[in-house]
Amino acid sequence: MTIKQALDNLQQTFASDQVSLPDTEAYNLLNYEYLSIRQSEYTPAAIFEPKSAEDVTKFLRIIKANKVQFAIRGAGQQPLEACSNIDGGITISLRRLADIELKPEEGTVAVGAGALWGPVYEKVQAAGLGVGGSRSAKGGIGGLALSGGLSFFSTREGFICDNVVNFEVVLASGEIVQANAKENTDLWRALRGGGNNFGIVTRFDLRTFTQGAFWGGFIFYAVTDDNCPSQVEAMVNELRKPDASDETHIMVNLGYSKQFGRIMMGLNEIYYTGPDAASAYGSKDENTGRVRVPPMLEPFTTVENQVDSINSLRVMTLVEAATEHAVASQEHVRCAYKNCTVRADKDTLLAAADIYSKAIEPLKPVEGVTLCLTLNGYPSSVLRKTQGLGGNVLGLDARESLVSVLLLTYWKNREDDEKIIPVLEKALGDIEKDAEQRGQKVPYIYLNYTSGFQDPFTSYGEENKKFLQEVSRKYDLHGLFQQSVPGGFQLFA
């Protein structure tokens, strides 16, 4: 059996517009539409677009009969090389599985695996609802909902993966099954953090909740020796507060982009999602003349050296918030993520910022480079939600608040890959080593922000990894998704 035979079978089985071959306009467009150009540099022998779960069943039968390798692509937003594309094999693109159906009687929204979050938000917002998903309207559902994921509402509603009440999955056998709290419950839990190791998910049913407009946005500022520590301290204080609000979402960023000159810039992304957000905040106080802000977020709004012309704090809808993130993000560039997790400790995070700032100094002349250290809080309220929502496999301790430390990098030219990637790997290693010495390092690595040299499933803990392997053996008896999908992270590697 050969790749040629597999392509012949695909073309005989499906409509011509579902199988795109190299050097055609359709193929070139599909292979370009990745967040990272590094993914687009892979050249699959064909790109297949199913129109239904039944099409996925037929595809897998052809794959198995011809013993060819394949890649699974949702929206193509995860930058890890080859996680959703392949050289010489077949890439299955789920982008046509993009139906969105609101089910108010069930309190859910059913979302096809190829949908983007922007249209999902438009649908739920029109009904006065919200759903836990990407902070960017351009984000895809699969990479987040199979990895963990934080939304604007996670402090109150939990991880994105924990809000999936049902997965529709095509197994290696070709069988289409549902995984939820009543059917295939082990598979349901495994998919909440286990990635694409068990089958091809074709639909996600997510819990919805009442949600109106909320308050928040971006605050840009030039970093100084004083204001960076104050923002890190404010974040740690809020995360560790015993009576912290579960209506906030806070990210603190430190980075460099040539558009701001040689200086380091800070960016606070802060949100208050409570029911009083639109009525209580955003307007001016009649007595003081100051704009009203949620008191727990005031330390982030009063940071010194702000760039007022590009700040965006206001009352906004979910669609507006996600659109703002989408507009601010880059696409079709060279891109790399890598991350670690630490406890919410001021000294550890300030040390991380110092290590990162010194490490990236030689990278600033690189053409088109954007370098960012993102601190993303995991309040204990997020972690406590997990058990009540059915559990996941992330292995996080709900007794303490944590911070995800993400090194996010964009650049222009391929020849700069070897300048950039080793520097950032070393910086991450130094951050982890410092946190370990302080007793503040946590093993957990977030799958969606992981780089190729990292091992996210081992970071979940021995018991969770063993559980994932057992579920894999049960639902993928002959190891199709371990042996024929070389991209991403396998459970037995």
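Residues numbered from 1 in each chain as written. Predicted model: local features only at pLDDT ≥ 70, side-chain atom pairs only at ≥ 80, totals over all residues. Heavy atoms only, no water.

**Some words on the packing of helix α13 (residues 346-359) against helix α15 (residues 417-437)**
Note the following rule: Think of each axis as a best-fit line through the C-alpha atoms, taken over the contacting stretch in the case of a helix, with angles from 0 to 180 degrees between the N-to-C directions. Comment: elements are numbered from the N terminus, with helices defined as DSSP H or I runs of at least four residues and strands as E runs of at least two. In this scheme, roughly parallel covers angles under 35 degrees and roughly antiparallel covers those over 145, while 65 to 115 is roughly perpendicular and the rest are oblique. Each crossing gets its hand from how the near helix is turned against the far one by less than a right angle, where anticlockwise is left-handed and clockwise is right-handed. What makes two residues a contact is simply this: any of their non-hydrogen atoms within 4.5 Å. Side-chain classes follow a simple rule in which Ala, Val, Leu, Ile, Met, Phe, Trp, Tyr, Cys and Pro form the nonpolar group, Asp, Glu, Lys and Arg form the charged group, and the remainder, Gly included, forms the polar group.
At a minimum axis distance of 9 Å, the contact between α13 and α15 shows a crossing angle of 155°. By the angle class used here, α13 and α15 are roughly antiparallel. Helix-helix and strand crossings are classified by hand; for α13 and α15 the assignment is right-handed. Contacts between α13 and α15 involve T348, A351, A352, I355, Y356 and A359 from the first element and V423, L424, A427, D430, I431, D434 and A435 from the second. Residues that form the contact of α13 with α15 fall into these classes: ten nonpolar, one polar and two charged.

**Remarks on a negative patch on the surface**
Put simply, the test is: A patch is a set of surface residues, each over 30% in relative accessible area and not in a salt bridge, joined within 9 Å for like charges and within 5 Å for the nonpolar side chains Val, Leu, Ile, Met, Phe, Trp and Tyr. Note on areas: these come from Shrake-Rupley sampling with a 1.4 Å probe, and a residue is covered only by the protein chains present in the view. A side-chain nitrogen of Lys or Arg and a carboxyl oxygen of Asp or Glu constitute a salt bridge if their distance falls within 4 Å. In this count, Lys and Arg are taken as positive residues and Asp and Glu as negative ones, while His and the chain termini are left out. Each charge is placed at NZ for Lys, CZ for Arg, CG for Asp and CD for Glu. Only protein chains enter the accessibility calculation, which uses a 1.4 Å probe; a residue whose area is less than 20% of its type maximum is buried, one above 50% is exposed, and one in between is partly exposed.
A cluster of like negative charges, contributed by D99, E101, E105 and E106, occupies part of the molecular surface. Take E101: it is sitting in strand β5 (residues 100-103). Given the relative accessible area of 46%, E101 is considered partly exposed.

**A few points about the sheet that holds strand β16 (residues 370-378)**
Definition in use: One bridge is not enough; two strands pair if DSSP finds at least two bridges between them.
What the eight strands build is an open sheet, ordered β14-β11-β13-β12-β16-β17-β15-β18; its pairing is antiparallel. Looking at strand neighbours, the two that pair on one side only are β14 (314-316) and β18 (441-442), the edges of this open sheet.

**A look at the packing of aromatic side chains**
Quick note on the threshold: Only centres within 6.5 Å qualify two rings of Phe, Tyr or Trp (six-membered ring in Trp) as a pair; their planes then separate them into stacked at under 30 degrees, edge-to-face at over 60, and tilted for everything else.
Using the criterion set out here, one finds 21 aromatic pairs in the structure. With a centroid separation of 5.7 Å and an interplanar angle of 45°, the aromatic rings of F152 and F214 are classed as tilted. With a gap of 62 residues between them, F152 in the loop between α6 (141-145) and α7 (154-157) and F214 in strand β11 (residues 214-222) connect regions that are remote in the sequence. A single burial state applies to F152 and to F214, both of which are buried. Geometrically, the ring pair formed by F153 and F209 is edge-to-face, given 5.3 Å between the ring centres and 75° between the ring planes. Remark: F209 occurs in strand β10 (residues 200-210) and F153 occurs in the loop between α6 and α7; sequence separation between them is 56 residues. The two residues F153 and F209 agree in class, both being buried.

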